[in-house]
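Structural features, examined
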Amino acid sequence: MKTRTLTAAVAVTALLLGATAALACGSSSSKGKSSGSVTLTYWASNQGTSLDNDKQVLTPVLDAFTKETGVAVKMEVIGWSDLQTRIQTAVTSGQGPDVVNIGNTWAVSLQATDAFLPFGDAEMKAIGGADKFVKPALETGGKKGSPPTSVPLYGLAYGLYYNKAMFKAAGLKPPTTWEEMVVAAKALTDPAKKKYGFALAAGSYTENCHFAFINAAQNGADVFDAKGNPTFTQDGVVDGIVRYLDLMQTDKVVNPADAQYDNGALAVTDFANGKVAMILNQNNADATIVANGMSKDAYGVVAYPAPKNAKTDVASHVAGINLSIFANTKHKDEALQFVEYMTSPAVQEQLGKPFASLPVLNDAKAMFTDNPQEAATFINIYNTRAKPLPLVPAEDQFETTVGQAMNAMFAKIATGGTVTRNDVKAAMQTAQDQVTASTG
Amino acid sequence: MTVTSVPSTGAAKGARPAARRAGRRQGWWLPYALLAPAVLLELVIHVLPMLTGIWMSFLRLTKFFIKNWAAAPSAGLRNYRLALDFNAAVGHALLQSFLITCAYAVIVVGVSWVFGMAAAVVLQRSFRGRPWFRTLFLVPYALPVYAGVITWNFMLQRDTGVINHLLADNLGLLSDRPFWLIGSNAFVSLLVVAIWRMWPFAFLMLMAGLQSVPQDVYEASAVDGAHAFRQWRSITLPMLRPVNVVLVLVMFLWVFNDFNTPYVLFGTSQPPAGDLVSFHIYNASFLTWNFGLGSAMSVLLLLFLLLVTGIYLVVVNRRSRRA
């Protein structure tokens, strides 16, 4: 009897071992290939006109790195709709890339997970020193008073893009206040001809929450208090959101169809095709506009205007992409080497143009445009009129809860409903409760 | 080679008498050995994650602890209190989503069953082109979920979708192009897509069940003067009862837990009208990084479904015993 039981047990174990051995074989063979030299895994974000475009732009840059250092880089470009979840899964499972691009507004939230390598003195030195970065850009890298867990890679800022020919034909000047902007947008809207003053990515929670923040900032309101608690329901925030929603609701200068635009590129395409006169976009729109056939001298850029009586003239958040290293990387030195390389003046200059990014290095030249006026406008916005999104761990939840709430409100407006100030306030209360519930 | 093979056969011969001595039927262990991989995989794939989920629901598993779960402090019943406090934001949203899902499940299962039954009965008699219809009806079920639903997503677009083109431009039924994927229409779109995906399954199961209903019963009833509907009510339906009991339960559980359809159809900007509960829980966990709260919601969902299944089986079995 015992022998039989034993036989059975052995048979079962043998089966299982067989299965696990097969699995182990599967994974070890893939590792085997790279055992000769170090291979870094790198997750890049979507900066160019498409995921493929990113790949084309980055491949020669990474090849040059491999040639220089002997370190191979396995790259994957990940779209914005997936990046946050992918990073989250990587943090949870401990199975992530070595180096990853992050939206700089996530920096503090990601820092809180403890999964990323802090750039202390030694690490900073290895990548060329903290002094090489533009200060406000580096400040987005982590919480104040602690070593950042990310360093700036590409700088971005919002601007108001306008179609020069349409403005000229209507005898309009580029707006300097919110009121002028709305007047211009109304003059350029003709729903019968499917022309609108504005295109907004009204179905994108990331875009929506940025403008909740910027409009609130113009009203002098912050979305978090000093302790890091959400303050979404205060008047400045609510009024700011109402102002933004009203572009579609009461001013009617936005095509209701935009409520389905879940990424900025759709609005940019409308602009490039002459369907709309204005868009609000970060400076990387340049690449997409040109790719869609609009010539570079056909559009101009001014700062996103604040209302006449606004408390501040904030026109953007300090937007951009940062680079982080996963703390559990087995190739820390090579990862630092890679970050040093990606943030070196030569590579920055090389990538500045195809990705239309603002320089994150001191004394670097803006490469994203040949138009000195546009360059000056964006650098001025980035350096003097950009406010960093709150550097608190719950910042990412501000983005998702408030952004999603605005998606829903735009959808309600687009489908014929009305969103009152009280509705906005109630939605903000819900968002705030959700953030409190999940952090508290 | 020959040298090594000789002792091994000798050992095998020696083992055999020992087995007979044990007094058990030969090969008694075979069923266990064959079941073992299934049981083990079931444990690893279903039971362990479920237990982990229950454990997580009692933790404060927020972003501060997801790197090292073991360090997450206990939350006691806090996550459950949050999820069940229907006056506060989180609980209210969960309740809303739960009610939408109930309506969704009932309608999808009901309509799919009616469609499936109708098609199965019509295709029971052989006629020219029957195989062609059978194949055609199974296409939605054979199509990969993502491919099918993303096609619906394209078709339901407001300005470029073929549905609005058909309804507004070709037929002139609507003067204004409605939105299908945002606002309250989203619920209707979700229903249509889900029924499109689900009814072939009902059709397939009922068609298989109908094969076992003997033809002579119908013939006898026809002699007695029964109409088609009377035949269906008095013969088909009772004979299919065992199939229906399982079919309705399985469909309900699948539809109630449906995640793929809303996820692929709506992407990241899910409309409140299409906020199904598994999607809601996904958002509650991943968008807010609060996996403890998300797990608590999942456990509540599990309890609800267990309860429904239990009641359903008790009621159905009692009725069948009475019959």
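Remember, predicted model here, so these are calculated numbers, not experimental data.

Helix and strand counts for chain A come out as 17 helices and eleven strands. The C-alpha radius of gyration of chain A comes to 24 Å, within 12% of the 22 Å expected for a compact globule of 440 residues. Taken over the C-alpha atoms alone, chain A extends approximately 90 × 55 × 45 Å along its principal axes. Within chain A, buried positions represent 52% of all 440 residues.

Turning our eyes to something else, we now look at the overall build of chain B. In terms of helices and strands, chain B carries 14 helices and zero strands. For chain B, the α and β elements follow one another from N to C terminus as α-α-α-α-α-α-α-α-α-α-α-α-α-α. Looking at chain B residue by residue over its 323 residues, the buried ones come to 29%. Long-range pairs, those at least 24 residues apart, make up 66% of the contacts in chain B between residues at least 6 apart in sequence.

As a further point, take the interface of chain B and chain A. Taken together, the contact between chain B and chain A spans 36 residues of the former and 37 residues of the latter. Contributions of two or more residues to the side of chain B that touches chain A are made by helix 1 (2-22), helix 2 (30-56) and helix 4 (89-122) of chain B. Here the side of chain B that touches chain A is composed, by residue class, of 24 nonpolar, seven polar and five charged.

Turning our eyes to something else, we now look at the pairing of strand 4 (residues 151-156) of chain A. All names here are of chain A. Burial runs high along strand 4: six of the six residues are buried. For strand 4 and strand 10 (residues 319-325), the ladder comprises five bridges, and the chain directions are antiparallel. Bridge pairing in strand 10 places Pro152 opposite Asn322.

In terms of nonpolar packing, the biggest core is built from 199 residues, with A:Phe198, A:Ile279, A:Val339, A:Met409 and A:Phe410 touching the most fellow members. Broken down by element, the residue count for this core peaks at 13 residues, all from helix 8 (residues 185-211) of chain B. Taken domain by domain, this core gets at least three of its residues from each of domain 1 (39-156 + 318-387) and domain 2 (158-317 + 391-439) of chain A.

The side chains of a regular strand alternate between the sheet's two faces. Residue and element names in this part refer to chain A. Among the seven residues that make up strand 1 (residues 39-45), five are buried, leaving the element largely enclosed by the rest of the structure. Taken together, the seven bridges between strand 1 and strand 2 (residues 72-78) define a ladder with parallel strand orientation. Across the sheet, residue Trp43 finds its bridge partner in strand 2, namely Glu76. Traced from strand 1 through helix 2 (residues 51-69) to strand 2, the parallel crossover comes out right-handed.

Bringing the sheet that holds strand 1 of chain A into the picture now. Residues and elements named next belong to chain A. On the basis of which strands lie adjacent, the open sheet formed by five strands has the order 2-1-3-10-4 and mixed pairing. Only two strands of the sheet have a single neighbouring strand rather than two, namely strand 2 and strand 4. Taking the axes of each pair of neighbouring strands and ignoring which way they run, one obtains an average angle of 20° across the sheet. Strands strand 1 and strand 2 of the sheet are contacted by helix 2, whose axis makes an angle of about 165° with strand 2.

Right, let's talk about the confidence of the model for chain A for a bit. All names here are of chain A. With 91% of its residues at a pLDDT of 70 or more, chain A shows a mean pLDDT of 88. In the model of chain A, helix 1 (residues 2-33) stands out as the element of lowest mean pLDDT, 41, in contrast to helix 10 (residues 235-249), which has the highest, 97. Here residues 5-35 scores under 50 on pLDDT; set against residues more than four positions off or in separate chains, the count is nine contacts.

Attention now moves to the sheet that holds strand 8 (residues 299-302) of chain A. All names here are of chain A. Strand order in the open sheet formed by four strands is 6-7-5-8, with mixed pairing between adjacent strands. Single-partner strands in this sheet number two, and they are strand 6 (196-199) and strand 8. Ignoring strand direction, the axes of neighbouring strands in this sheet form an average angle of 25°. Here strand 6 pairs with strand 7 (residues 276-282) via three bridges, running parallel. Within strand 7, the position partnered with Tyr196 by the bridge is Val276. Sheet strands in contact with helix 15 (residues 372-384) are strand 5 (158-163) and strand 8, and its direction is about 25° off that of strand 8.

Bringing unusual backbone geometry into the picture now. Residues and elements named next belong to chain A. Even without glycine at this site, Asp114 takes up a positive phi of about 70°. For Asp114, the location among the structural elements is in the loop between helix 4 (107-111) and helix 5 (121-126). Since 17 C-beta atoms lie within 10 Å of it, Asp114 is described here as partly exposed. In the Ramachandran plot, Lys194 falls in the positive-phi region, its phi being about 60° despite a non-glycine side chain. Along the polypeptide, Lys194 turns up in the loop between helix 8 (178-187) and strand 6.

With that out of the way, let us pick up the domain arrangement of chain A. Residue and element names in this part refer to chain A. Its domain assignment divides chain A into domain 1 (39-156 + 318-387) and domain 2 (158-317 + 391-439). Computed from C-alpha coordinates alone, the two centres of domain 1 and domain 2 are separated by 26 Å. Residue assignment for the side of domain 1 that touches domain 2 shows that the elements contributing at least two residues are helix 4, helix 15 and strand 11 (386-387). The leading source of residues in the side of domain 1 that touches domain 2 is helix 15, at four residues. Residue classes in the side of domain 1 that touches domain 2 are distributed as 15 nonpolar, nine polar and five charged.

On to the environment of A:Pro147, then. Residues and elements named next belong to chain A. Its location among the elements puts Pro147 in the loop between helix 6 (135-139) and strand 4. For Pro147, a count of 16 C-beta atoms within 10 Å gives the class partly exposed. Through-space distance from the C-alpha of Pro147 to that of Leu117 is 9.4 Å; in sequence the pair is 30 residues apart. The residues contacting Pro147, other than those within four sequence positions of it, are Pro118, Phe119, Gly120 and Gly142.

A separate point is helix 6 (residues 145-155) of chain B. Residue and element names in this part refer to chain B. Taken together, the buried positions of helix 6 are occupied by Gly148, Val149 and Trp152. In an axial view of helix 6, the angular spread of the buried residues amounts to 90°, which keeps them on one side of the axis. Residues Tyr146, Ala147 and Phe154 are exposed on helix 6 and point more than 90 degrees away from its buried face. Those residues of helix 6 hidden inside the fold are in contact with helix 5 (130-142), helix 8 and helix 12 (260-266).

A word on the packing of helix 10 of chain A against helix 16 (residues 395-414) of chain A. Residue and element names in this part refer to chain A. Where helix 10 contacts helix 16, the two axes come as close as 10 Å, and the packing angle between them is 30°. By the angle between their directions, the pair helix 10 and helix 16 is classed as roughly parallel. Between helix 10 and helix 16 lies a crossing of right-handed hand. Along the contact surface, helix 10 presents Ile241, Leu245, Met248 and Gln249, while helix 16 presents Met406, Met409, Phe410, Ile413 and Ala414. Considering only residue class, the contact of helix 10 with helix 16 consists of eight nonpolar, one polar and no charged.

This next bit is on the environment of A:Lys132. Residues and elements named next belong to chain A. Mapping Lys132 onto the fold places it in the loop between helix 5 and helix 6. Lys132 gets classed as buried once you count the C-beta atoms within 10 Å, which come to 20. Note: C-alpha distance between Lys132 and Thr343 (211 residues apart in sequence) is 9.1 Å. Discounting residues that sit within four places of it in the chain, Lys132 has contacts with Leu361 and Asn362.

Predicted coordinates in regions of low pLDDT should not be interpreted in detail. Residues and elements named next belong to chain B. Model confidence for chain B is summarised by a mean pLDDT of 86, while 91% of its residues fall at 70 or above. This stretch, residues 1-15, has a pLDDT under 50; its non-local contacts, to residues over four places away or in other chains, come to one contact. Listed scores for the predicted complex are pTM 0.82 and ipTM 0.77.

About the thresholds
Residues numbered from 1 in each chain as written. Chains lettered and ligands numbered in written order. Predicted model: local features only at pLDDT ≥ 70, side-chain atom pairs only at ≥ 80, totals over all residues. Helix = DSSP H or I, 4+ residues; strand = E, 2+ residues; numbered from the N terminus. Rg over C-alpha atoms; globule rule 2.2 N^0.38 Å. Buried ≥ 20, exposed ≤ 12 C-beta atoms within 10 Å, placed from the backbone. Contact = placed C-beta atoms within 7 Å. Nonpolar A, V, L, I, M, F, W, Y, C, P; charged D, E, K, R; others polar. Pairing = 2+ DSSP bridges. Core = buried A, V, L, I, M, F, W, Y, C linked by C-beta atoms within 7 Å. Domains from an automatic or database assignment. Right-handed = clockwise from strand over helix to strand, strands pointing away. Axes fitted to C-alpha atoms, helices over the stretch in contact; angles between N-to-C directions. pLDDT = per-residue confidence, 0-100. Arc of directions from axis to C-beta. Parallel < 35°, antiparallel > 145°, perpendicular 65-115°, else oblique. Left-handed = near helix turned anticlockwise from the far one by under 90°.

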